[in-house]
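Structural description and commentary
The residues making up each chain are set out below.
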Amino acid sequence: MRLQQVFTSYRPTKPPPGPGTFPHGVHPPERKDFSLDAPIEVVPPPKTLKLPLLQHVGQPCTPLVKPKQQVAFGDMIARGEAFISASLHAPLNGVIGKTAMTTLPNGRHVEAIVLNGEGEQITGQALWDDIFGGEWPKKQYQAIEPQVVSDAIHAAGIVGLGGAAFPTHVKILPSDKKPIHTLIVNGCECEPYLTTDYRMMVEIPDAIVSGALLASRAVGASRTFIGVESNKLEAVEALRLAAAGAGIQIAVLKTKYPQGSEKHLIKGILNREVPLGGLPADVGVTMTNVATVAAVARAVVRRKPLTHRVISVTGGGIVKPKNLLVPIGISMADIIEYCGGLKKTAARIVAGGPMMGFAVSSLDRPITKGTSGITVLSHEEIKKETETVCVRCGRCVDACPMNLVPTKLAMASRLKDLNLARQYSIMACFECGSCAYVCPAALPLVQLIRSGKAMVVREGKK
Amino acid sequence: MADLSQQKTEAVIHVAPSPHIFNIETTTRSMMRDVLIALLPVLFTALYIFRWSAAKQIVICLAACLAGEALFTRMRQRPLALWDLSAAVTGVILGLSLPAPAPWYIGIIASFVAVGIGKMVFGGLGMNIFNPAMVGRAFVMIAFAEKMAAGGYVDPDRAVDVMTQATPLTAFRQAGMPIELSDLFWGLSNGSIGEISAAACLIGGGYLLVRRVASWQIPAAVLATVFVLAGGANLMNLNSSWTVWHHFFSGALLFGAFFIATDPVTSPLTGRGKWIFGIGVGVLVMLIRTFSGYPEGVMFAVLLMNACTPLINRWTRPRPFGSW
């Protein structure tokens, strides 16, 4: 029955114009099986949440609540007043506590609103139904004004949930200056270990398709693609079923890291190169992540803000790897406890995936809107050779998806030779980690380049 | 709950910048080890043909290179890095590039020059401009001209057959005597102990390419260039008994193309650069073989192109993704 449905619903249309992949890149072990088949579970509401006022790219938001004030699930508790900012909403019924400082996974110290849960909460299946359940319309979007979509996204405080945390209303915006012809929804999830996007594509493809149509309508795109890597064929199938007749094409891309990078996904699907230092809009594309469009659908269709997100808790150092629906602001300690705690072999706790995620030094860090998972790595998994010297084998050059010369950039950074660094386009590096992953000499290439980039930025400010 | 987090926090959490996972299968040492493995067929042929003379050269050079490495790292007050096997690779390649009859002190002097002047004065592994083994060989070739020139390969008193003959390249140049191609291919002729068997070089070179320790572009470019130039010369003079295949299988061409020119430290970083480098080596080999006073030119060709490598790297800076 199901198979038949697939065949009738999947009518091959014109394939995407791109090659389905990009030059260079690496193949780290995928290791998605830890949490691949674990259905998304709803975490019971914790006693306390810490909601940082800055968990997105841009300006911090301004608190609207005072300590001891009662708030209800979904109330706006801080407003993003600047254009590039995002509002914050209460994920629980409860009382506001004393404002506290907290540390973001990336190490930044920011102010946070503390919310202590109080009274009856919606939990479990009821919460799931409230957020992702029910019907998701896939038609009659032509009647919705683009600005309405953008405003709803703004009001819901949605940011890029793939990890970048860039306020979504700034991207999903009707624009006269740079006309957008294509919307690409990113479901690549090329980071090893993480299965957040995969589970969402498998479990709530309708919400994703609905959100993709809304976002597409808002930016005025004539084509919509959902890009998925070839190692997630179950997700491809689910999306094709959900998107049947909706005018959305599912593009299957070769499994290679970092296929989920914005620029490389555009290359893979459309065969266009975003100009160096430019944005997807420069080639007429807007890109957003699958989890983000699901939040967009909820914001527009149900008028509900972003209060929860899906994360993977995975890796060889966690007792019970899971995929979870968690309230924003829950501490990593609560989540790890829910997942059975750490194994004795656990060696590193990473917010995000192992290639680009941030290692945290303490479990009291809150999950932010941009945290796509917690990867707990064992000693075995983070094994690294002793650092030696560069023998110019060129493996980093073959790995770099930006076609840079990492060893040269690292050397320029080490010598503080900023002219050389700029000559070799150091700012084009987006720190994907491919070079450091392959380096036979175990050089900290990414870290060196990072410091070089910081020096270049500092010099530019002078 | 707080207990759990605190307790575990102190116990296990390490912090480090991303990425957090690494490919630990390929390391500098594993690459060097692969080079040594790839040299085994060459080594066995050398031992089979030249017997003790080959063993002597290789053991002397290997020991002297390791000793040199130890001495010079000590002088520079750096940690000793014999385990990275780079000195061992230099020693074996150097030994294999010497004539079998060469006296013992030549290997020792060449080794110390290779490690000391070829590598250490530039700042050690990774910083050298010239292939260390070739620097050592070039030094003894000039310093002990009579022992290292064509005549140095011949020793009429040896029991080993091939050592009583001139090298094929010299024999042809001086007497116009071509050699059987099959002898050249299997290694039944005189020459530097590692270069004689084309078959062994191809097997070892193939292993290097499969393991991706050597980049395929360099040998491909060298061999394609020699093929075109020698083939062209062949076509212009169809009666010549020294064919393009003689060029291929004689002298150090294959040994050099696979084991010497591919040294990553002294060859360009990018694919395009490697093609330019390989073509340069091929052209120089043919020029030296055809027009110079030396019968063979792989060593000088590689050294000259080593000198051009920084320039080639600058010419072939890759175009960043999204730039024009």
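Look up: the structure comes first, before these words.
Let me sum up the structure you'll find in this document. Here the structure is a predicted model, which means the values were calculated and not measured.

The rules behind each value
Residues numbered from 1 in each chain as written. Chains lettered and ligands numbered in written order. Predicted model: local features only at pLDDT ≥ 70, side-chain atom pairs only at ≥ 80, totals over all residues. Heavy atoms only, no water. Axes fitted to C-alpha atoms, helices over the stretch in contact; angles between N-to-C directions. Helix = DSSP H or I, 4+ residues; strand = E, 2+ residues; numbered from the N terminus. Parallel < 35°, antiparallel > 145°, perpendicular 65-115°, else oblique. Left-handed = near helix turned anticlockwise from the far one by under 90°. Contact = heavy atoms within 4.5 Å. Nonpolar A, V, L, I, M, F, W, Y, C, P; charged D, E, K, R; others polar. Core = buried A, V, L, I, M, F, W, Y, C linked by side-chain atoms within 4.5 Å. Buried < 20%, exposed > 50% of the residue type's maximum accessible area, 1.4 Å probe, protein only. Pairing = 2+ DSSP bridges. Expected span 1.5 Å × (residues − 1). Polar contact = N/O pair within 3.5 Å; in protein donor to acceptor, adjacent residues only side chain to side chain. Salt bridge = Lys/Arg side-chain N within 4 Å of Asp/Glu carboxyl O.

Looking at the packing of helix 6 (residues 104-119) of chain B against helix 7 (residues 132-143) of chain B
All names here are of chain B. Taken N-terminus to C-terminus, the directions of helix 6 and helix 7 make an angle of 130 degrees; their axes are 7 Å apart at the nearest point. Classified by the angle their axes make, helix 6 and helix 7 are oblique. The way helix 6 lies across helix 7 gives a crossing that is right-handed. Residues Ile106, Ile109, Ala110, Val113, Ala114, Gly118 and Lys119 of helix 6 pack against Pro132, Ala133, Val135, Gly136, Phe139 and Val140 of helix 7. For the contact of helix 6 with helix 7, the class distribution of residues is 10 nonpolar, two polar and one charged.

Considering the nonpolar core
Ranked by internal contacts, the top residues of the largest apolar core, which has 83 residues, are Phe50, Leu96, Phe255 and Phe259 of chain B. Counting residues per element, this core draws most heavily on helix 16 (residues 298-315) of chain B, at eight residues. Apart from the residues lying within four places of it in its own chain, the contact partners of Phe255 of chain B are Leu39, Val42, Ile93, Leu96, Gly194, Glu195, Cys201 and Ile260 of chain B. One finds Ile172, Tyr198, Ala207 and Ala218 of chain A within the second-largest nonpolar core, a separate group that totals 57 residues.

Focus: the pairing of strand 8 (residues 100-103) of chain A
Two faces, one strand: in a regular strand the side chains alternate between the faces of the sheet. Across four bridges, the pairing between strand 8 of chain A and strand 9 (residues 109-117) of chain A is antiparallel. Bridging across to strand 9 of chain A, Thr102 of chain A finds its partner in Val110 of chain A.

As for helix 4 (residues 52-75) of chain B
For helix 4 of chain B, spanning 24 residues, the distance from its first C-alpha to its last is 34 Å, which sits close to the expected 34 Å at 1.5 Å a residue. With its phi angle positive at about 55 degrees, Gln77 of chain B sits one or two positions after the end of helix 4 of chain B.

Considering unusual backbone geometry
In this structure, the amide linkage connecting Tyr257 of chain A to the following residue, Pro258 of chain A, adopts the cis form with an omega of -5 degrees. Mapped onto the elements of the fold, Pro258 of chain A is located in the loop between strand 12 (249-253) and helix 8 (262-270). Of note, the amide linkage connecting Ser18 of chain B to Pro19 of chain B takes the cis form, showing an omega dihedral of -5 degrees. Mapped onto the fold, Pro19 of chain B is located in the loop between helix 1 (2-12) and helix 2 (28-38). For His24 of chain A, which is not glycine, the phi dihedral falls at a positive 70 degrees. Within the secondary structure, His24 of chain A is located in the loop between helix 1 (2-9) and strand 1 (40-42). Phi is positive for Arg303 of chain A, which is not a glycine, with a value near 60 degrees. Relative to the helices and strands, Arg303 of chain A resides in the loop between helix 9 (290-301) and strand 14 (308-314).

Quick look at the environment of Gln174 of chain B
Residues and elements named next belong to chain B. The residue Gln174 is located in helix 9 (residues 168-175) in this model. Overall, Gln174 belongs to the exposed group, its relative accessible area being 65%. In this structure the C-alpha to C-alpha distance between Gln174 and Asp157, which are 17 residues apart in sequence, comes to 22 Å.

A word on the side chain of Ser197 of chain B
Residue and element names in this part refer to chain B. Within the fold, Ser197 resides in the loop between helix 10 (181-186) and helix 11 (198-210). One polar contact links the side chain of Ser197 to the main-chain carbonyl oxygen of Trp186, over a distance of 3.3 Å. Contact partners of Ser197, with chain neighbours within four places excluded, come to Thr45, Leu184, Phe185, Trp186 and Gly187.

Re the sheet that holds strand 5 (residues 76-79) of chain A
Residues and elements named next belong to chain A. Read from one edge to the other, the open sheet built from three strands follows the order 3-5-6, with strand pairing classed as antiparallel. Each edge of the open sheet carries a strand with a single partner, namely strand 3 (62-63) and strand 6 (88-89). By the bridge criterion, two bridges tie strand 5 to strand 6 in an arrangement that is antiparallel. Bridging from a neighbouring strand, Met76 pairs with His89 of strand 6.

Focus on the pattern of salt bridges
By the definition in use, this model includes 18 salt bridges over all chains. Two residues, Glu296 of chain B and Arg289 of chain B, come together in a salt bridge whose shortest N-O distance is 2.8 Å. In this pair, the class of Glu296 of chain B matches that of Arg289 of chain B, namely buried. Through salt bridges that share partners, Asp130, Arg298 and Lys304 of chain A make up one connected network.

The values reported here are purely geometric and, on their own, carry no functional implication.
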